[in-house]
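# Chains, contacts and geometry: an overview
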Amino acid sequence: MQAGKLIVVTGPSGVGKGTLLRSLLARHPELYFSISATTRQPRPGEIDGQHYYFVSREKFERMVAASEFLEWAEFAGNCYGTPRLQVDQQIAQGRLVILEIEVVGARKIKQTFPAALRIFILPPSLAELERRIRDRGQDSEEAIARRLTRAQAEIEAADEFDVQMVNDDLESALLHLEAAIFAQTH
Ligand code: 5GP
């Protein structure tokens with residue numbers, strides 16, 4: 001059995017992490033995608049237990065107090081966290097576990113899980129990032145402004161991560177991601 005491994009994929013909101021990872025998982029069903037808990041309201045079409053575990057702030061705080069998260073962070077007024085138990089169990093079973101998280105949480109993983117491979121996804125430009133967030137049509141003007149301000153600061157942190165890649169064209173970004181993930185594990 002191959003050794004389990006934690007792979008952290010991060011980058012600014014709207015950079016296309018979700019689309020990239022959905023394609024990756026479609027090609028590699030053996031990968032385990034960690035489902036986070038969040039205090040954010042579900043967007044239309046999002047399903048509890050599939051996209052996120054949608055929890056109240058009180059419940060989230062209880063989970064923090066009980067050390068149930070591998071990492072957690074606040075993002076655009078909501079809390080997001082990675083449940084520790086499932087990640088530990090899947091890695092112990094030899095699986096590759098993928099986290100899709102924002103940058104503050106991804107930084108914390110360096111301390112809590114030094115063996116993790118941490119990948120930073122960059123947008124082709126800030127203007128393109130803004131266009132992608134607007135096209136998604138799911139955020140208010142205020143939320144878009146908060147996400148863009150934060151994105152600028154996040155992009156400056158890209159070189160702290162093990163691998164950086166630009167999500168320009170989906171297919172080439174996917175090949176790059178596969179190369180990074182499977183390079184040391186196959
Ligand atoms: P969204 O509200 O667009 O689903 O997610 C906002 C941001 O939170 C995204 O950058 C996403 O990657 C990040 N995120 C999702 N789950 C987690 C998590 O468990 N921990 C952290 N730190 N960030 C997360």
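Look above for the structure.
An account of the accompanying structure is given in this report. (Residues numbered from 1 in each chain as written. Predicted model: local features only at pLDDT ≥ 70, side-chain atom pairs only at ≥ 80, totals over all residues. Heavy atoms only, no water.)

## Details of the sheet that holds strand β5 (residues 69–75)
Rule in force here: Two strands are said to pair when DSSP picks up at least two bridges between them. The way it works is that DSSP assigns letters per residue, a run of H or I at least four long becomes a helix, a run of E at least two long becomes a strand, and they are numbered from the N terminus. Contacts are assigned to residue pairs that have any heavy atoms within 4.5 Å of one another. In this analysis, axes come from line fits to C-alpha atoms, helices being fitted only over the stretch in contact, and the angle between any two N-to-C directions falls in the range 0 to 180 degrees.
Strands sit in the order β4-β3-β6-β5 across an open sheet of four strands; the sheet is mixed. Lying at the two open borders of the sheet, with one neighbouring strand each, are β4 (53–54) and β5. Relative to strand β6 (residues 78–83), strand β3 (residues 37–38) runs antiparallel, the two sharing two bridges. From the neighbouring strand, Thr38 faces β6, where its bridge partner is Tyr80. Across the sheet, helix α3 (residues 84–92) touches β4, β5 and β6, and the angle it forms with β6 is around 30°.

## Considering the side chain of Glu178
Tracing the backbone shows Glu178 in helix α7 (residues 170–183). Once you skip the residues sitting within four places of it in the chain, Glu178 turns out to touch Leu24, Arg27, His28 and Ala183.

## What about the pattern of salt bridges?
Test applied: Whenever Lys or Arg places a side-chain nitrogen within 4 Å of a carboxyl oxygen from Asp or Glu, that contact is recorded as a salt bridge. To sort residues, take the accessible area from a 1.4 Å probe on protein chains only and compare it with the maximum for the residue type: under 20% means buried, over 50% means exposed, and anything in between is partly exposed.
If you walk through the whole model with that rule in mind, you get 15 salt bridges. Arg57 is the salt-bridge partner of Glu74, the closest N and O atoms lying 3.8 Å from each other. Taken together, the residues Glu74 in strand β5 and Arg57 in helix α2 (residues 57–65) connect sequence positions 17 residues apart. The partly exposed category is assigned to Arg57, whose relative accessible area is 32%. Between Glu154 and Arg150 there is a salt bridge, with the nearest N and O atoms lying 3.2 Å from each other. With Glu154 and Arg150 both in helix α6 (residues 141–155), this residue pair falls four residues apart, about one helical turn. Residue classification places Glu154 among the buried residues on the basis of a relative accessible area of 5%. Relative accessible area serves as the criterion here: at 22%, Arg150 is assigned to the partly exposed category.

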